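# Reading the structure
Take a look at the letters that make up each chain.
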Amino acid sequence: MFSVSRSIGARNFPQYSSKGEDIFRDAFDQALYKLGASCDEEGIIVDCGCGTGTSTRRLAKQYPQAKQLIGIDLSPFFIDVGQTLLRLSPTAIDVNSNNKEGWITNIESDERIQLRQGDISSTELASNSVSVVNLSLVMHELPLYAAKEVVLETHRILKQGGQLWISEMDFESQAYKTQRENAALFSLLRATEPYLDEYADGTAELRSFILQQFDVVKITAATGRHYALLAEKNDNKSSGGEKTIEDSRFNEDGSYAIEDTHLRPWESSKQ
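Rules used in this analysis
- Residues numbered from 1 in each chain as written.
- Predicted model: local features only at pLDDT ≥ 70, side-chain atom pairs only at ≥ 80, totals over all residues.
- Heavy atoms only, no water.
- Helix = DSSP H or I, 4+ residues; strand = E, 2+ residues; numbered from the N terminus.
- Buried < 20%, exposed > 50% of the residue type's maximum accessible area, 1.4 Å probe, protein only.
- Areas by Shrake-Rupley, 256 points an atom, 1.4 Å probe, with all protein chains shown as cover.
- Core = buried A, V, L, I, M, F, W, Y, C linked by side-chain atoms within 4.5 Å.
- Contact = heavy atoms within 4.5 Å.
- Expected span 1.5 Å × (residues − 1).
- Bend = angle between axes of the 7 residues up to and from the residue.
- Pairing = 2+ DSSP bridges.
- Axes fitted to C-alpha atoms, helices over the stretch in contact; angles between N-to-C directions.
- Right-handed = clockwise from strand over helix to strand, strands pointing away.
- Phe/Tyr/Trp six-rings, centres within 6.5 Å; stacked < 30°, edge-to-face > 60°.

### Details of the overall build of the chain
Check the secondary structure of the chain and you find eight helices and eight strands. Each of the 271 residues in the chain was classed as buried or not, and the buried ones make up 46%. Carbon and sulfur atoms make up 49% of the accessible area of the chain, which amounts to about 13900 Å² in all.

Written as structure tokens, this is what we have:
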């Protein structure tokens, strides 16, 4: 089974070849842990824009204490694939064997996982009911107004002390700044991303909007061109000064905190 996400991971971390996707996703996990990501015992995790459930299944393994994991995606086709994968629980190819037919990864069934088709700006979940909302590489797929609607919905369904996790492209990193300045190269990236310019131009506004809704907002570098953001809901806010985002993406000299390892558009991996 071919996975586009595998090829994307390989471009982010070419030295790891087919394992690049795992390293890529691990980078976001580590960044979120650094920011204080946690899930309550018996908590509910909602994975918005879950696709076929890759991120949902990872969350299930990382947080065995969670009572339920709900993956929501607008595409009924992705959800159907994800549900089928959980039902089939396929086994990956053994690279040391002569059998070249099979799957690229193991998928384990987990009764806690529920994948459903739906609009992540209107989840129909109860207010103040979930511990974590995860948005992995989703916001750049949305126009700014829709991204704000999703933020409002996450705040509504999160309970007190609940956390919003966002993993995303960072157009304030030098790597993406440089690429965007080259119209020909950026058009390659934008070809399948209709809202990428709006996302890039509106990132600061979106973060400011998140800060308006949430009490604590922290952001850090995950890769050389991606960030992880954690926002915590606390409606019983203590009085104090103006809220600010705790931002550790950049070094004192202004360079990005993590070296960019991503292959350039014209490069290919030699692995």
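The structure having been displayed, the exposition proceeds.
### A closer look at the nonpolar core
Among the nonpolar cores identified, the biggest contains 41 residues, and Val46, Leu135, Met139 and Ile210 are the most heavily contacted of them. Every element with two or more residues in this core is listed here: β1 (44–48), β2 (68–73), β4 (130–136), α5 (144–157), β5 (158–169), α8 (196–213), β6 (216–223) and β7 (226–232). No other element matches the seven residues that α8 contributes to this core. With residues near it in sequence (within four places) discarded, Leu135 still touches Cys48, Ile120, Val150, Thr154, Leu164, Trp165, Ile166 and Ser167. Membership of the second largest hydrophobic core comes to 23 residues, among which are Leu59, Tyr63, Ala66 and Ala222.

### Remarks on α8
Compared with the 26 Å implied by 1.5 Å per residue over 18 residues, the 24 Å span of α8 between its first and last C-alpha is a close match. Residue Gly202 marks the point of greatest curvature in α8, where the axis turns by about 60°. Among the residues making up α8, those that are buried are Leu196, Tyr199, Ala200, Gly202, Thr203, Leu206, Arg207, Phe209, Ile210, Leu211 and Gln213.

### With respect to the sheet that holds β4
The sheet built from eight strands is open, its strands ordered β3-β2-β1-β4-β5-β7-β6-β8 with mixed pairing. Looking at which strands have only one partner, the edges of the open sheet turn out to be β3 (113–117) and β8 (246–247). Two elements, β6 and β8, share two bridges in a ladder whose sense is parallel. Paired with Ile219 across the bridge in β8 is Asp247. Against the sheet, helix α4 (residues 76–88) touches β2 and β3, its axis set at about 160° to β3.

### Considerations on α5
Compared with the 20 Å implied by 1.5 Å per residue over 14 residues, the 20 Å span of α5 between its first and last C-alpha is a close match. Within α5, burial applies to Leu144, Ala146, Ala147, Val150, Val151, Glu153, Thr154, His155 and Ile157. Where the residues of α5 are buried, they touch β1, β4, β5 and α8.

### Examining the pairing of β2
When you tally the buried positions in β2, you get five out of six residues, the bulk of the element. Handedness of the β1-helix α3 (residues 54–62)-β2 crossover: right-handed. Of the strand pairs in this sheet, β2 and β3 are connected by five bridges, and their pairing is parallel. Counted as the bridge partner of Ile70 is Gln114 from β3.

### A few points about unusual backbone geometry
With a phi angle near 55°, Asn128 is a residue other than glycine that sits in the positive phi range. Tracing the chain through its elements places Asn128 in the loop between β3 and β4. For Asn128, a relative accessible area of 45% corresponds to the partly exposed category. Of note in the backbone geometry, Leu137 takes a positive phi value of approximately 55° without being a glycine.

### Concerning the packing of aromatic side chains
The description of an aromatic ring pair uses the distance of the two centres, along with the angle that the planes make with each other. Evaluation of the coordinates by the stated rule reveals five aromatic pairs. Considering the side-chain rings of Phe171 and Tyr199, the 6.1 Å spacing of their centres and the 70° angle between planes classify their relative orientation as edge-to-face. Within this pair, whereas Phe171 is found in the loop between β5 and α6 (174–181), its partner Tyr199 is found in helix α8, the two being separated by 28 residues in sequence. By relative accessible area, Phe171 is classed as buried at 8%. An aromatic cluster of at least three residues, connected via ring pairs, comprises Phe171, Tyr176 and Tyr199.

### A word on the environment of Asp197
For Asp197, the position within the fold is in helix α8. Separated by 54 residues in sequence, Asp197 and Pro143 place their C-alpha atoms 9.4 Å apart. Setting aside residues up to four positions removed in sequence, Asp197 forms contacts with Arg180, Phe186 and Arg190.

Any link to function would need more than the numbers given here.
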